[in-house]
Amino acid sequence: MAAKSAEFFSHHRQGFVRVAACTPAMAVGDPVANAQAHLELARQGDAENCGLMVFPELGISAYAIDDLFMQDALLDRVEAALGDLAEASRKLKPVLVVGAPVRRNGRVYNCAVVIHRGRILGVTPKTFLPNYREYYEKRWFASGRDLSGLDVAIAGQTVPFGADLIFAASDLRDFVFHAEICEDFWSPVPPSIRGALAGALVLCNLSASNVVIGKAEERKMLCASQSVRLSAAYVFSASGPGESTTDLAWDGQAVIYELGEQLAETERFPMAAQMAVADIDLERIRLERARMGTFNDAAAALGHPETEFRRISFDFEPDMGDHGLCRPVGRFPFVPDEPARLDQDCYEAFNIQVQGLMKRLQASGAGKLVIGVSGGLDSTHALLVCCRVMDLLGRPRTDILAFTLPGFATSAGTKSAAWKLMRALGVTGDEIDIKPAAKRMLKDLGHPAGEGEPVYDVTFENVQAGLRTDYLFRLANQRGGFVVGTGDLSELGLGWCTYGVGDQMSHYGVNASVAKTLIQHLIRWVADRELVGKDASKVLRTVLAAEISPELVPADAKGAVQSTEAVVGPYELQDFNLYYVTRFGLRPSKVAFLAWHAWRDAKAGRWPAGFPEDARHAYELKTIKAWLEVFLTRFFQTSQYKRSAMPNGPKVVSGGSLSPRGDWRAPSDGNARVWLEELRANVPG
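Computed from a predicted structure; not experimentally measured.

J.: I keep staring at the overall build of the chain and nothing clicks. Help me out?
T.: Counting its regular elements, the chain contains 22 helices and 20 strands. Taking the principal axes of its C-alpha atoms as reference, the chain extends roughly 100 × 60 × 45 Å. Looking at the chain as a whole, 58% of its 685 residues are labelled buried. Pairs at least 24 apart in sequence give 75% of the contacts found in the chain among residues at least 6 apart. Surface exposure of the chain reaches about 27,200 Å², of which carbon and sulfur atoms provide 51%.

Set out below in structure tokens:
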């Protein structure tokens, strides 16, 4: 168990490989100096526990040397330099992907040369040679198009050569990569397409790529789109300082993308060598491909490239020590920590909800919207959506019938907030005290609370929750409306809702794809923009400051109110768990690993804009593990039947629909054993 505990903290154990996109300082036409520059960065990468390092196109010779590529003296020295670099790599951990001109059968090819622990594993020639504007590559190089099954003798080794190579570690699952070169990337049919469909999860681009105004953004766009389209990581390195500036200039841009997300980038126009470093989540990429049938369909449509590619195996010998995690892990996967992105997400989320409800209202022919307003986060936000719908349709907000339904534990604060909100928004507000009906039902059931005894069990709670929903449905019948659901994604994930005649049910659930952690920001976003009026914005801020509570059990002798998070766990942790378990299907131990990196230090990393200082928490691994166990039990074992019968509602966030008609389908009679055993076996503490 001690060995497993130690391995828990290893990025390799958790399915990551550390990758560097490198920009060495170049020397024009000097292979010895360039190989030395590559080696210096390789040693730095080794010290930083990199597993894969990608260097620029023709980096051993330099790119902008024109007809010098036709000089045997230079090419001889390039080959010798590759041999020296291979020999020096024996003591280094990383796989090196370097650019060099390579001779074969009377031709010169622009190649990616893959080196690891003294071996040249293979050589991939460039397929598309640019020969327009400032480019003249066909003057010097032959294309590698359709070359397969070949070998080349280089630096005393005979190694695989061709456009049919992918490289795979024998001892680290999913560490599989492919290399393409510069213009290959800009072509309509990049070779990396077939490489990815053949099984490569990491796509490397060795580029020279001189810089002109606007080109840096174009490169990033291509990296992002290729990594999304191919469900892959994309590692790009361009030439930098020292390249010839006879007619061109170089900015040394190096970037790493994973599934469309930028993980790392170097500074542009550097004065010295540098590299971008990030841990790529290979497991996440593999799982993303597995759930996308289109990926396999594309492979079939292209004749299954895996049957055409040679898979070059190597022993990576992964280090299972704790070397940290070199990538950002956001605390709130449903809430971006960049202000501009958060603003955009809130705009889109709110309007998706509004659009969904507006269409349902129009299609139903109902004259009214009926909603319960508790003064809490969920009902507040659902009410804001209702108001926006009426505003856009040019209908009065009085067509929204909002009811506060106080029960045995409803506090004066939340009831007051509900009334202030209803008045500020100009909806038709009303109040129905459910206590008499609840007492009667409890008495009819023979429940001790029906006689006034302080027995506050699940029946006591659900009698109140059920009555509230029952009243809303009957009010909708009576007044020609339909019930707008207020329950959110987090509650559905945890099963924290009363089934059937309860808050699990409505005619349309506007919040069903919105996590609790996001709802806070949506309310703040609406308030800050005064979208529903200045007076209402003031009330919204008081709602945001309140304790999250179902208010079904009276306060205890010390005045402490019932706390949802004391039962189901902190929503900020459970939303994290929900996202990574359902969106990507990650192992529970890996979810715990990511959560630990995200939450162990409140002072590290970024928080979303406007997040209160006093709410910035940290969690130790023991706590993370305990609440993850609660999540796994509730999600996989006790609550699926509620999701299998959930009402309609619009999908809002990626991976954020638990509807059986949407992202998630599962048996209602399943169990959590597999997930709990994996968690307990592989997470220490």
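J.: Teacher, can you tell me more about the sheet that holds strand 16 (residues 368–372) here?
T.: Strand pairing in a sheet takes place through backbone hydrogen bonds and is either antiparallel or parallel in direction. Ordered in space as 18-17-16-19-20, the five strands form an open sheet in which the pairing is parallel. The open sheet has two free edges, formed respectively by strand 18 (428–431) and strand 20 (508–509), since each of these has just one partner strand. Taken together, the four bridges between strand 17 (residues 400–404) and strand 18 define a ladder with parallel strand orientation. When the bridges of strand 18 are listed, phenylalanine 403 appears paired with aspartate 430. Each of strand 17 and strand 18 is contacted by helix 11 (residues 412–425), which is oriented at about 155 degrees to strand 18, the strand it contacts most.

J.: What am I meant to see in empty space enclosed by the protein here?
T.: A water-sized probe rolled over the atoms picks out the places where empty space is left. The tally for this structure, following the rule as stated, stands at three cavities of 30 Å³ or more. Size it by volume and the largest cavity reaches roughly 140 Å³. Along the wall of the largest cavity there are 15 residues; nearest its centre are Gly487, Leu492, Asp503, Gln504 and Pro647. In the lining of the largest cavity, the residues fall into six nonpolar, six polar and three charged. By volume, the second largest cavity amounts to about 50 Å³. What lines the second largest cavity is simply Ala512, Ser513, Met646, Pro647, Asn648, Gly649, Pro650, Ser657, Leu658 and Ser659.

J.: Teacher, can you tell me more about the packing of helix 19 (residues 588–599) against helix 22 (residues 673–682) here?
T.: For any two helices packed against each other, the geometry comes down to the angle between their axes and how far apart the axes lie. Two elements in contact, helix 19 and helix 22, have axes whose closest approach is 7 Å; the angle formed by their N-to-C orientations is 55 degrees. As summarised for this structure, helix 19 and helix 22 are arranged oblique, according to the angle between their axes. Here Pro588, Ser589 and Ala592 of helix 19 lie close against helix 22, whose contacting residues are Trp675, Glu678, Leu679 and Asn682. Counted by class, the contact of helix 19 with helix 22 contains four nonpolar, two polar and one charged residues.

J.: Would you take a moment to explain the packing of helix 19 against helix 20 (residues 621–638) for this structure?
T.: Closest axis-to-axis distance for the helix 19/helix 20 pair is 10 Å, and the angle between their directions is 135 degrees. One finds that helix 19 runs oblique with respect to helix 20. With respect to the hand of their crossing, helix 19 and helix 20 are arranged in right-handed fashion. Facing Pro588, Val591, Ala592, Ala595 and Trp596 of helix 19, the residues of helix 20 in contact are Leu621, Ile624, Leu628 and Leu632. For the contact of helix 19 with helix 20, the per-class residue count stands at nine nonpolar, no polar and no charged.

J.: What exactly am I supposed to notice about the layout of surface pockets here?
T.: Considered as a void within the structure, the largest pocket measures approximately 1,600 Å³ in volume. Together, 48 residues line the largest pocket, and Glu261, Pro333, Pro336, Arg341 and Tyr579 are the ones closest to its centre. Those elements that place two or more of their residues in the lining of the largest pocket are strand 13 (261–265), helix 7 (282–291), helix 9 (339–364), helix 18 (571–582) and helix 19. At five residues, helix 9 tops the list of elements feeding residues into the lining of the largest pocket. A class-by-class count of the residues in the lining of the largest pocket yields 26 nonpolar, seven polar and 15 charged.

J.: I would appreciate a short explanation of unusual backbone geometry in the present structure.
T.: Excluding glycine, residues mostly have negative phi values, and the peptide bonds linking residues are mostly trans. Positive phi values are uncommon outside glycine, yet serine 209 reaches one of about 50 degrees. Take serine 209: it is sitting in the loop between strand 10 (202–206) and helix 6 (215–229). Residue classification places serine 209 among the buried positions, given a relative accessible area of 3%. The phi dihedral of glutamate 530 falls on the positive side, at around 50 degrees, and the residue is not glycine. Inspection of the secondary structure puts glutamate 530 in the loop between helix 15 (516–529) and helix 16 (534–544).

J.: What should I look at first to understand the environment of alanine 100 in this one?
T.: When you line up the elements, alanine 100 lands in strand 3 (residues 95–104). The class for alanine 100 is buried, based on a relative accessible area of 0%. Remark: the alpha-carbon pair of alanine 100 and lysine 625, spanning 525 residues in sequence, is separated by 49 Å. Among all residues touching alanine 100, those that are not within four sequence positions of it are Leu58, Ile60, Val78, Leu82, Tyr109, Asn110, Cys111 and Val113.

J.: Hey, could you run me through the pairing of strand 8 (residues 165–169) in this one?
T.: Successive residues of a regular strand alternate their side chains across the two faces of the sheet. Of all five residues in strand 8, five are buried, a share of seventy percent or more. The two faces of strand 8 match: Leu165, Phe167 and Ala169 on one face and Ile166 and Ala168 on the other face are all buried. Of the pairings in the sheet, the one linking strand 8 to strand 15 (residues 310–314) comprises five bridges and is parallel in character. Bridge assignment links alanine 169 to a residue of strand 15, and that residue is phenylalanine 314. With two bridges connecting them, strand 8 and strand 9 (residues 176–181) associate as antiparallel partners. Bridge pairing in strand 9 places phenylalanine 167 opposite phenylalanine 177. Between strand 8 and strand 9, which pair antiparallel and follow one another directly, the connecting turn spans six residues, one of which, aspartate 174, has a positive phi of 80 degrees.

J.: Can you walk me through the nonpolar core in this structure?
T.: In summary, soluble globular proteins display a tendency toward joint burial of nonpolar side chains. Judged by nonpolar contacts, the single largest core of 139 residues is most densely connected at Leu52, Phe175, Phe177, Ile256, Ile280 and Leu357. Here this core gets nine residues from one element, more than from any other, and that element is helix 10 (residues 377–393). Once residues lying within four places of it in the same chain are set aside, the contact partners of isoleucine 256 are Val19, Ala21, Tyr234, Val235, Glu261, Gln262, Leu263, Ala264, Ala276, Val277, Ala278 and Ile280. Membership of the second largest hydrophobic core comes to 51 residues, among which are Ala35, Leu39, Val102 and Ile154.

About the thresholds
- Residues numbered from 1 in each chain as written.
- Predicted model: local features only at pLDDT ≥ 70, side-chain atom pairs only at ≥ 80, totals over all residues.
- Heavy atoms only, no water.
- Helix = DSSP H or I, 4+ residues; strand = E, 2+ residues; numbered from the N terminus.
- Buried < 20%, exposed > 50% of the residue type's maximum accessible area, 1.4 Å probe, protein only.
- Contact = heavy atoms within 4.5 Å.
- Areas by Shrake-Rupley, 256 points an atom, 1.4 Å probe, with all protein chains shown as cover.
- Pairing = 2+ DSSP bridges.
- Axes fitted to C-alpha atoms, helices over the stretch in contact; angles between N-to-C directions.
- 1 Å grid on protein atoms, 1.4 Å probe; cavity = no way out; pocket = protein on both sides within 12 Å on 5 of 7 lines; lining within 4 Å.
- Points joined across faces, edges and corners; volume = space filled by probe spheres on them.
- Nonpolar A, V, L, I, M, F, W, Y, C, P; charged D, E, K, R; others polar.
- Parallel < 35°, antiparallel > 145°, perpendicular 65-115°, else oblique.
- Left-handed = near helix turned anticlockwise from the far one by under 90°.
- Core = buried A, V, L, I, M, F, W, Y, C linked by side-chain atoms within 4.5 Å.

These values are about where atoms sit, not about what they do.
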